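Chains, contacts and geometry: an overview
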Amino acid sequence: MRKVLLVDGYNIIGDWPELRELQMTDLAGARDLLVEKMAEYQAYTGTEVTVIFDAHMVVGLGKNYQNYDLNIIYTREKETADERIERMVIELKRIDRQIYVATSDFVEQRVIFASGAYRKSARELLTEMKQIERGIEKEVLQTKKAKTKTKLPITEEMAEIFEKWRRGDR
């Protein structure tokens, strides 16, 4: 079963304390941080994530972006994120998909639930994100502790160079 998460971007920014505070001085920074966190969410859970932002906060035509292998949508002018999410739920609904919508907008939660999607409040998503961040931190520590065993003794510096090559970083 494929899982899809549609995130009402500005609703989440307005609800998560860290993002709400950042939004006061740097709206673009708050958007970028949300996108980074949702990319981590997607990578860790395997859930396909799309973040939808209202056009009223960003002047211009509706656009779709691909960033961090994540779908980011800015709605068209005079189209709300809620309207786009409702349409996407209907378009994406299939027997082999579970669709979740992250928003704390009560009316929106009822509409998408009636359309067959699951709702996830901003608080639930934040709690899940904190658990994911702890899980990532734990995995990083375990990876650092587990030294790669090879038959040839190599220095730590050489091991780092080989690891960069393996990842495609040069």
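Below, the structure is looked at part by part. This is a predicted model, so every value here is computed, not measured. (Residues numbered from 1 in each chain as written. Predicted model: local features only at pLDDT ≥ 70, side-chain atom pairs only at ≥ 80, totals over all residues. Heavy atoms only, no water.)

Under the definition given, this model contains nine salt bridges. One salt bridge connects Glu48 with Arg2, and the closest N-O pair in it is separated by 2.6 Å. Of this pair, Glu48 sits in strand β2 (residues 48–53) while Arg2 sits in strand β1 (residues 2–8); the two residues are 46 residues apart in sequence, bridging distant segments of the chain. Judged by relative accessible area, which is 38%, Arg2 ranks as partly exposed. One salt bridge connects Lys37 with Glu133, and the closest N-O pair in it is separated by 2.7 Å. (Salt bridge = Lys/Arg side-chain N within 4 Å of Asp/Glu carboxyl O. Helix = DSSP H or I, 4+ residues; strand = E, 2+ residues; numbered from the N terminus. Buried < 20%, exposed > 50% of the residue type's maximum accessible area, 1.4 Å probe, protein only.)

This part is about the nonpolar core. Residues Trp16, Leu34, Met38 and Phe53 are the most contacted members of the largest nonpolar core, which totals 26 residues. Looking at this core, the elements with two or more residues in it are β1, α1 (9–15), α3 (27–45), β2, β4 (70–74), β5 (97–102) and α6 (122–145). Not counting chain neighbours up to four residues away, the residues in contact with Trp16 comprise Leu34, Lys37, Met38, Ala122, Leu125, Leu126 and Met129. Judged by nonpolar contacts, the second largest core, of 13 residues, contains Ile73, Leu92, Val101 and Ile112. (Core = buried A, V, L, I, M, F, W, Y, C linked by side-chain atoms within 4.5 Å. Contact = heavy atoms within 4.5 Å.)

Evaluated as defined, the whole model comprises four aromatic pairs. Clustering of aromatic rings is evident, with ring pairs tying together Tyr10, Phe53 and Tyr74. (Phe/Tyr/Trp six-rings, centres within 6.5 Å; stacked < 30°, edge-to-face > 60°.)

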